[in-house]
Amino acid sequence: MPAEFWVSPENTTDTQEIPMRKLINSTYITLDGVIENPMWTAPYFDEEAISLAGEQTDEADAMLMGRATYDGMSVAWPQQDESDPTTGAAYFNNVKKYVASTTLTNPTWNNTEVLQGDLVEAVTALKAQEGRNIIQYGFGSVTAQLITAGLVDEVRFWIHPVLEGAASLTVPLTDFKASFDLVDTRVHKSGVIVASYRPKTAA
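One structure accompanies this document, and this report is about it. (Residues numbered from 1 in each chain as written. Predicted model: local features only at pLDDT ≥ 70, side-chain atom pairs only at ≥ 80, totals over all residues. Heavy atoms only, no water.)

### Concerning the overall build of the protein chain
For the protein chain, the helix and strand inventory stands at 5 helices and 10 strands. By the compact-globule yardstick of 17 Å for 203 residues, the protein chain fits well, its C-alpha radius of gyration being 17 Å. Summarising its shape, the C-alpha atoms of the protein chain cover approximately 55 × 40 × 35 Å along the three principal directions. Each of the 203 residues in the protein chain was classed as buried or not, and the buried ones make up 39%. Across the protein chain, contacts joining residues at least 24 apart in sequence account for 67% of those joining residues at least 6 apart. (Helix = DSSP H or I, 4+ residues; strand = E, 2+ residues; numbered from the N terminus. Rg over C-alpha atoms; globule rule 2.2 N^0.38 Å. Buried < 20%, exposed > 50% of the residue type's maximum accessible area, 1.4 Å probe, protein only. Contact = heavy atoms within 4.5 Å.)

### Quick notes on the pattern of salt bridges
Charged atoms that come close allow side chains of opposite charge to pair. Overall, the coordinates contain 8 salt bridges when judged by the stated rule. Across the salt bridge formed by R21 and D61, the nearest N and O atoms sit 2.7 Å from each other. In this pair, R21 is assigned in the loop between strand 2 (17–19) and strand 3 (23–30) and D61 in strand 4 (residues 60–66), connecting sequence segments 40 residues apart. Residue R21 is classed as buried on the basis of its relative accessible area of 6%. In this structure, K200 engages D181 in a salt bridge whose closest nitrogen and oxygen atoms are separated by 3.6 Å. One end of the pair, K200, is in the segment after strand 10 (193–199); the other, D181, is in strand 9 (residues 180–187), and 19 residues separate them in sequence. Take K200: its relative accessible area is 47%, and that puts it in the partly exposed class. The partly exposed category is assigned to D181, whose relative accessible area is 35%. Through salt bridges with shared partners, a single ionic network connects E55, D184 and R186. (Salt bridge = Lys/Arg side-chain N within 4 Å of Asp/Glu carboxyl O.)

### Description of unusual backbone geometry
With a phi angle near 45°, N37 is a residue other than glycine that sits in the positive phi range. Structurally, the position occupied by N37 is in the loop between strand 3 and helix 1 (47–58). At N111, a residue that is not glycine, the phi angle is positive and equals roughly 60°. Accessibility expressed as a relative area gives 33% for N111, which makes it partly exposed.

### Focus on the pairing of strand 9
Pairing analysis gives 7 bridges linking strand 9 to strand 10, with the strands arranged antiparallel. Note on strand 10: the bridge partner recorded for F180 is P199. (Pairing = 2+ DSSP bridges.)

### Considering helix 2 (residues 67–76)
Of the positions making up helix 2, those classed as buried are Y70, M73 and S74. Projection of helix 2 onto a plane perpendicular to its axis shows the buried side chains occupying an angular sector of 100°, all on one side. Summarising the geometry of helix 2, the exposed residues directed more than 90 degrees from the buried face are A68 and V75. (Arc of directions from axis to C-beta.)

### Some thoughts on the nonpolar core
Of all hydrophobic cores here, the largest spans 24 residues; its most connected members are L23, L64, L115, L119, V123, F139 and L146. Mapped by element, the contributors of at least two residues to this core are strand 3, strand 4, strand 5 (96–100), helix 4 (119–128), helix 5 (141–148) and strand 8 (154–160). Excluding residues within four positions of it along the chain, V123 makes contact with L23, L64, L115, L146 and L151. (Core = buried A, V, L, I, M, F, W, Y, C linked by side-chain atoms within 4.5 Å.)

Here's what the structure looks like:
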């Protein structure tokens, strides 16, 4: 059976296949492959970027992240004004959040749960639950494991026209290899290119 479908366990005599939730990775990246500390995105977060970012969150009712992403976002977002809809703070502070970590035991960010046990099994179970998309920000070891397991449905690289000269995306993922099919491209007036890819299934 294709990974994107499952059969309802409540009625195993019914062969109707129900679509699984999609796991969408959305990553800001520079021309030289930097993704960390993306303060360089600020000048490019215009109406087009806000609109696309809003589409992503509207379509997702859960967020998945690794420990490093959690540490950064859990400090930044609670300080933002939730009453201002343009900040996105109301969404990020209240959406259901899952953290893949073996060291985080007491998450303080609202509505956060640490995934237990095997990462692939845990995310497979999340995707089988009823709901909208699961959004993931950043690209690291968690994403690499999930792409290898065939659990990531789409990767959206927000390519910014800047060079940062810092450690690139590939540094911590030297043993990770993957191929992708291009499924969509959006070119913003700011110069940002949002390239969306579907990971190819391993032969």
